[in-house]
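Take a look at the letters that make up each chain.
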Amino acid sequence: MKKNLLTIIISAVLAVIFVLLLFTFQVRTSEVAVVTTFGRTTREITEPRAFPFFKWPWPIQKVYKLDKRIQNFEDKFTEAFTADGNNLLTQVYVGWRITDAKAFFPKFAGGSTVAAERLLEDIVTAAKQSRVGQHPLGELVNADPRQLKFDAIEAEIRAQAQAQLALQNCGISIDYLGIKRLGLPESVTQSVFDRMTAERKGLADKLDAEGQAEARKIKSSADLAASKVISTAESKAREIRASGETVAADLLPAFQQNPELANFLSSLETLEASTRSKTTLIFDSRTLPFNLFTGSVTNK
Amino acid sequence: MERNLQKNGLVNLVTLLLVGGAVFGLARYSNVLSGQVAAVFLGLGVLVAFVSWFQMRLEDRERLEKLELEEMARSKASATLFEGKDAEVFPAQRSREQFEKFFVPGFTVVLLILQGVAALFLWRWLAKVLAPEPFRQEMVAMSLFALLALILFLIGRFSATIARLENHRLLRPSANHLLLAAYLCAFVALAVAGVKGEFPNTDLYVARGLVIVLGLIAVETVAILIFEIYRPRVKGRVARPLYDSRLVGVLAQPEGLVATAAQTLDYQFGFKVSETWFYTAFKQAARWVFLLQLAALLLSSCFVFVDPGEHALLERFGRPVAGREVLNPGAHLKWPWPMDKVYRYRTEEIQTLRVGAPEEEDEHAQKVVLWTVAHAKEDNFLVANRERVDAGATASPEGRKTPPVSLLTVSIPVQYQITNLVQWVYNHESSSNLLQQLATREVVSYLVSADINELMSSARQEAAMLLRDRIQAAADAQKLGARVLFVGLQDLHPPVKVAPEYQKVVSAFHQKQAKIIAAEAEATSTNTMAGAQALALTNTAEAERIRLELTATARAAAFTNQIPAYQAAPTVYKQRLYAQVFPRAIADARKFILVATNTDNVIQFDLQQKIEDAYIEQVGAAITQPKK
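What counts and how
All residue numbers here refer to positions counted from 1 along the written sequence of the relevant chain. As they are written, the chains are lettered A onward and the ligands numbered 1 onward, keeping that order. Where totals are concerned, whole chains, interfaces and linings use all residues; where local detail is concerned, this predicted model gives features only for residues with pLDDT of at least 70, and gives and counts side-chain atom pairs only at 80 or more. Under the DSSP-based scheme used, a helix requires at least four consecutive residues in state H or I and a strand at least two consecutive residues in state E, with every element numbered from the N terminus. Each residue is classed by its C-beta neighbour count within 10 Å, where at least 20 other C-beta atoms makes it buried, 12 or fewer makes it exposed, and intermediate counts make it partly exposed; the C-beta atoms are placed from backbone geometry. Contact between two residues is assigned when their C-beta atoms, built from the backbone, lie within 7 Å. Residues enter a nonpolar core if they are buried, belong to Ala, Val, Leu, Ile, Met, Phe, Trp, Tyr or Cys, and are joined to the set through C-beta atoms within 7 Å. In this classification, the charged set is Asp, Glu, Lys and Arg, the nonpolar set is Ala, Val, Leu, Ile, Met, Phe, Trp, Tyr, Cys and Pro, and all remaining amino acids, among them Gly, are polar. A pair of strands counts as paired when DSSP detects no fewer than two bridges linking them. Expected span of a helix, by definition, is 1.5 Å for each gap between consecutive residues, and there is one gap fewer than residues. Axes here refer to lines fitted to C-alpha atoms; in helices the fit is confined to the stretch in contact. Angles between the N-to-C directions go from 0 to 180 degrees. Convention used here: angles under 35 degrees read as roughly parallel, angles over 145 as roughly antiparallel, angles from 65 to 115 as roughly perpendicular, and any remaining angle as oblique. Here the arc refers to the directions that run from the helix axis out to each C-beta atom.

A look at the overall build of chain B
For step 1, the next point in the chain: Looking only at helices and strands, chain B features 18 helices and 14 strands.
For step 2, the next point in the chain: Buried positions account for 31% of the 628 residues belonging to chain B.
For step 3, the next point in the chain: Once local pairs closer than 6 in sequence are excluded, the contacts in chain B between residues at least 24 apart make up 75%.

Comments concerning the environment of Lys479(B)
Residue and element names in this part refer to chain B.
For step 1, the next point in the chain: Turning to its location among the elements, Lys479 is positioned in the loop between helix H15 (460–477) and strand S12 (482–487).
For step 2, the next point in the chain: Under the C-beta neighbour-count criterion, Lys479 is labelled partly exposed, with 16 such atoms within 10 Å.
For step 3, the next point in the chain: Considered as a pair, Lys479 and Asn420 are 59 residues apart in the sequence and their alpha carbons are 9.1 Å apart.
For step 4, the next point in the chain: Apart from the residues within four sequence positions on either side, Lys479 is in contact with Gln423 and Asn427.

Focus on the nonpolar core
For step 1, the next point in the chain: Counting 90 residues, the largest nonpolar core has Val94(A), Leu382(B), Val383(B), Leu447(B), Val448(B) and Ile471(B) as its most contacted members.
For step 2, the next point in the chain: Those residues within four positions of Val94(A) in sequence are excluded, and the remaining contacts are Asn72(A), Phe73(A), Leu120(A), Val124(A), Ile174(A) and Leu177(A).
For step 3, the next point in the chain: Judged by nonpolar contacts, the second largest core, of 68 residues, contains Leu112(B), Ala141(B), Leu144(B) and Ala189(B).

Focus on the interface of chain B and chain A
By a widely used convention, the size of an interface equals the accessible area lost when the partners come together.
For step 1, the next point in the chain: At the interface, 111 residues of chain B touch 113 residues of chain A.
For step 2, the next point in the chain: Here the side of chain B that touches chain A is composed, by residue class, of 55 nonpolar, 29 polar and 27 charged.
For step 3, the next point in the chain: For strand S10 (residues 280–284) of chain A and strand S14 (residues 590–594) of chain B, the ladder comprises five bridges, and the chain directions are parallel. Paired with Leu281(A) across the strands is Lys591(B), a residue of S14(B).

Things to note about helix H1 (residues 6–30) of chain B
An α-helical turn contains 3.6 residues, so a residue and the one three or four places further along point in the same direction.
Residues and elements named next belong to chain B.
For step 1, the next point in the chain: With 25 residues, H1 ought to run about 36 Å at 1.5 Å a step, and its terminal C-alpha atoms sit 36 Å apart, in line with that.
For step 2, the next point in the chain: The complete set of buried residues in H1 reads Asn8, Gly9, Asn12, Leu13, Thr15, Leu16, Val19, Gly20, Val23, Leu26, Ala27 and Ser30.
For step 3, the next point in the chain: On its buried side, H1 packs onto helix H2 (33–75), helix H5 (138–166) and helix H6 (172–196).
For step 4, the next point in the chain: Trailing H1 by a residue or two, Asn31 shows a phi angle of about 65°, which is positive.

A look at the packing of H6(B) against helix H7 (residues 202–230) of chain B
Residue and element names in this part refer to chain B.
For step 1, the next point in the chain: Running from N to C, H6 and H7 point in directions that differ by 155°, and their axes come no closer than 8 Å. It follows that H6 is roughly antiparallel to H7 by the angle criterion. Between H6 and H7, the contacting residues are Leu184, Phe187, Ala191, Val192, Gly194 and Val195 on the first element and Thr202, Asp203, Val206 and Leu210 on the second.
For step 2, the next point in the chain: Residue composition of the contact of H6 with H7, by class: seven nonpolar, two polar and one charged.

Focus on helix H4 (residues 150–168) of chain A
For step 1, the next point in the chain: For H4(A), built from 19 residues, the straight-helix expectation of 27 Å at 1.5 Å per residue is met to within 8% by its first-to-last C-alpha distance of 28 Å.
For step 2, the next point in the chain: Among the residues making up H4(A), those that are buried are Phe150(A), Ile153(A), Ile157(A), Arg158(A), Ala161(A) and Leu165(A). Projected down its long axis, H4(A) carries its buried residues within an arc of 130°, all on one side. In H4(A), the exposed positions angled more than 90 degrees off the buried face are occupied by Asp151(A), Ala152(A), Ala163(A), Ala166(A) and Leu167(A).
For step 3, the next point in the chain: Buried residues belonging to H4(A) abut strand S8 (87–98), helix H3 (113–132) and strand S9 (172–183) of chain A together with helix H13 (431–447) of chain B.
For step 4, the next point in the chain: One or two steps after H4(A), the chain reaches Asn169(A), where phi turns positive at roughly 50°.

If you want it as structure tokens, here you go:
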């Protein structure tokens, strides 16, 4: 009996828990719940309360909980023409939320946010392609920030997508939209690589030429300065030599005392100086002192 | 009286088939991973139940055949009938034997392959599941799983009891599979409840656990097949079916394990331990223990221990508890689950997201990171190029325009911390994802107006600070409740295909510097040498001047002194001076002295060339041998 009582207690506790779980449900702050009765939407609960909500068990009532927080997704990286004929790949991210669960729920099977995002993606991508085509590339990529219209283009895409959503009455609103990525098709990317390579090569060649020119300038300046210094030195040397010659000239009157001797001495000095090396002299017997050979044994 | 158990086998088969289909459909619809794995167990159970049922039919046919033969033998109507061969006389027995000999091992091998492939496939499949999809109609799913568990348990228990009482080896495998499936369904229901509670990964863990069990069963099947080869065949001894897993039996009827344990204890201690007061009391109190465990489990959900570095959100029936929305690290009390629920977050942890190319697994292990070597998947961003803006677009080989932009490979780590947990959790469905998108957007919008060359050199640090501020502002505008701590632009470089050209520019710059430095060195040398040469020139001139002056002075003085000697003997003095100077003057000169004067030979000297000795000998010979 005691054993059965315990079994009954355990069974009763489990049954109570099971029944409570079947007849009640909770809604979190971040959720909105849609209650359907035999498939018809009968209740929308947007805020939680201090105790659980009641419902009839499945299959009479079903509770669909939807996330009412801002949800985000990003569309595909798609190619489009800009107004100036450039091929540009763009991708945007979108923050959206359910503003009207009753309007949202029947439009997407079971309140599927995946289905909602698919619909949103179509709308947003169409708006994006349309707006990108209205602007030249320079308004999306430009070194001059004044010519950029990045924020304005984002706002245009968002406004166009929001207007389309309002027409469809999906119970969805777009909270924010931003351009997440810009890119170029593969073939254009390769062309950009080629151009970047050419630019770099040009810059390298320019630097090389600059180096050579600078070196040449430095060398020629140095040569000029050296020439100046040497010329100055040569001039000064000439002056020095001249001053020496002046002093020597001042002594010439001393030789005037006996010009014959002075000229003879001068001739001797000249002779000595001019026959020091690499000189071939041919004497005959008339030349002093070789005249001493005259009448010798060899002439016999 | 022997019961016909074929019907039980068929009921088991049909139950496994129907419930298996229901479990699979329910699990797929509700996105319950463990339910899908349990469906595989049920599928394998269907195969086993079918084979065992078929084998039962064969045995039944054999039994009927024997009965008929015994009847006929008793009537002795035709004794000759028993003189034929066994195969002719006992076709049903022969069929059963052939079935057990060939089909059963073959089927067990197939079963093993299916178990192994299923375990492998399911393990890989679960490994790919990082974040399980949210459940659909989880309360309904949980209830149905519990209901299916009950159905399976009742039928399985009934079959298992009959199999045990009748000692029917062929009914046992399907009964075991029914009971195992019942427990699995109960586990699946508990896993769903766990996910509904505070343990979001329960379903995944249970699913993985079930896959491990499936793998163990496959290993056991391998062992059974190996042992079967060496098993001694004793005629008349009935063997356990090969496909009847002992592991499945133990899991399906764990009380058998307890009984075995009790028998082992009895044997070890030498007396009936299982009949002692302690063992009996423990057995009787088992239900209370179970109830106490349930109560303890429920009570344990009243305590929350928030770890250091964490904060937790406390919700009561889904609504933040006023004044206690965020629980700080430490111990806290709360109402039991499911009234109060706690959601933990690592708020103080510095988290990192990446803009651009994701970080490679071995990136941190790389010691050297070069622009020219791909160290991560490249993600190229458009960058404005100030030098090319005015140049306009050019055409690519495919006819597409090449816009005046450059590309930059970007992999930017953004480090952040959660500062306001309520905002972080309640404002956005995926705040970390949003922060990633905001950061990427800010990087893109910054780069489209930044100059690539500046960005990679002087503006890098400034850009990092600016980007951090802009991402922070964007996060604040969206009320993310996060603080951006750091934005790193260290991995910002030209694409790998172009990077070598950038290095060549740097190389060219250094070569330019080298040329300038070499020219400067040469200039310094030239200037220094010019200075030295100038000094040498002036010094030489100075020396010459001094020599000239001194020589002139000395010569004048000597001349004054020579005058008296000259005046005294002019001819002699001159002759003496000549004699003194002449040898000295011609000392180094080559000298030819033509002494003979009485010849008429004409001698020609080529004084432009060096006069060879042979030539002199020739001249000498000409002199000594005059022409006739």
